[in-house]
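Single-letter residue listing:
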Amino acid sequence: MAPYRGKPDLRRRPRLLFVDPTNGARTQMAEAYGRQMLSDRLEVRSAGIVPHDVDPRALQVMEADGVDAHGLYAKVLDQDLLDWADLVVTLSTEAGDVKLREQDSFVRKHWPMDDPARLARDGEDVAPYIKTRDDIKRRVRQFANSIRLMNR
């Protein structure tokens, strides 16, 4: 992928990148819902600062909601992905949890939310994943509606 420097190219579909520390659950959910709800308007990807394997409970709750989680895998955040993105949405407890070098090529937004793995009582507890899934789904839907309203 060729590095992109400077201002966004508005002649192509905008590019949305979801980032969190691990790319194991929250950003995987955001990528899946983003692809489902925004693929006609945006290119969507996700990555993590130090990626872990995708949490099976995240996949389980997405599949239970009818979301295609096929092909999702943990990806490392690198400069090429930051250069690729027009909008970077960080998902973590605090905005400072995901340290990114600010640059002119993307706009940054933060969605505060806990890591469901930290909130789970044990390895079988999916309740925090369902709560996180529903929060992400709501936020992506709101974002998709905003994009559609702007393009009227």
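Residues numbered from 1 in each chain as written. Predicted model: local features only at pLDDT ≥ 70, side-chain atom pairs only at ≥ 80, totals over all residues. Heavy atoms only, no water.

**Details of the confidence of the model for the protein chain**
Detailed conclusions should not be drawn from predicted coordinates in areas where pLDDT is low.
(1) Moving on: Predicted confidence across the protein chain gives a mean pLDDT of 91, with 93% of residues reaching 70 or more.
(2) Moving on: Model confidence for the protein chain, summarised as mean pLDDT per element, is weakest for helix H3 (residues 79-84) at 93 and strongest for strand S1 (residues 15-20) at 97. (pLDDT = per-residue confidence, 0-100. Helix = DSSP H or I, 4+ residues; strand = E, 2+ residues; numbered from the N terminus.)

**Side note on the packing of helix H1 (residues 26-38) against helix H2 (residues 56-64)**
(1) Moving on: Relative to each other, H1 and H2 sit at 30°, their axes nearing to 10 Å. Here H1 is positioned roughly parallel relative to H2, judged by the angle of their axes. Here the hand of the crossing between H1 and H2 comes out right-handed. Together, Gln-28, Met-29, Ala-32 and Tyr-33 of H1 and Ala-58, Val-61 and Met-62 of H2 make up the contact between the two elements.
(2) Moving on: A per-class count over the contact of H1 with H2 returns 6 nonpolar, 1 polar and no charged. (Axes fitted to C-alpha atoms, helices over the stretch in contact; angles between N-to-C directions. Parallel < 35°, antiparallel > 145°, perpendicular 65-115°, else oblique. Left-handed = near helix turned anticlockwise from the far one by under 90°. Contact = heavy atoms within 4.5 Å. Nonpolar A, V, L, I, M, F, W, Y, C, P; charged D, E, K, R; others polar.)

**Remarks on H2**
(1) Moving on: Turning to H2, its buried residues are Arg-57, Ala-58, Val-61 and Met-62. Buried residues of H2 fall within an arc of 135° about the axis and therefore sit on the same side. Seen from the open side of H2, the exposed residues pointing more than 90 degrees away from its buried face are Pro-56, Glu-63 and Ala-64.
(2) Moving on: Of the surrounding elements, those touching the buried residues of H2 are H1, helix H4 (116-119) and helix H5 (127-150).
(3) Moving on: Capping the start of H2 is the job of one residue whose side-chain oxygen sits 2.8 Å from the backbone nitrogen of Arg-57: Asp-55. (Buried < 20%, exposed > 50% of the residue type's maximum accessible area, 1.4 Å probe, protein only. Arc of directions from axis to C-beta. Polar contact = N/O pair within 3.5 Å; in protein donor to acceptor, adjacent residues only side chain to side chain.)

**Some remarks on the pairing of strand S2 (residues 43-48)**
(1) Moving on: By the bridge criterion, 6 bridges tie S1 to S2 in an arrangement that is parallel. Residue Asp-20 lies in a different strand from S2, and its bridge partner there is Gly-48.
(2) Moving on: Each parallel crossover has a hand, and for S1 linked through H1 to S2 it is right-handed. (Pairing = 2+ DSSP bridges. Right-handed = clockwise from strand over helix to strand, strands pointing away.)

**Section: the layout of surface pockets**
(1) Moving on: If you add up the space inside the second largest pocket, you get close to 160 Å³.
(2) Moving on: Around the second largest pocket sit Leu-16, Phe-18, Leu-87, Val-89, Lys-109, Trp-111, Arg-139, Gln-142 and Phe-143, which together line it.
(3) Moving on: Ranked by residues supplied to the lining of the second largest pocket, first place goes to H5 with 3 residues.
(4) Moving on: Residue classes in the lining of the second largest pocket are distributed as 6 nonpolar, 1 polar and 2 charged. (1 Å grid on protein atoms, 1.4 Å probe; cavity = no way out; pocket = protein on both sides within 12 Å on 5 of 7 lines; lining within 4 Å. Points joined across faces, edges and corners; volume = space filled by probe spheres on them.)

**Regarding the side chain of Asp-20**
(1) Moving on: With respect to the secondary-structure elements, Asp-20 resides in strand S1.
(2) Moving on: Assessed through its relative accessible area of 0%, Asp-20 is described here as buried.
(3) Moving on: A distance of 3.0 Å separates a polar side-chain atom of Asp-20 from the backbone nitrogen of Thr-22.
(4) Moving on: Looking at Asp-20, its side chain comes within polar contact range of the main-chain nitrogen of Asn-23, at 2.5 Å.

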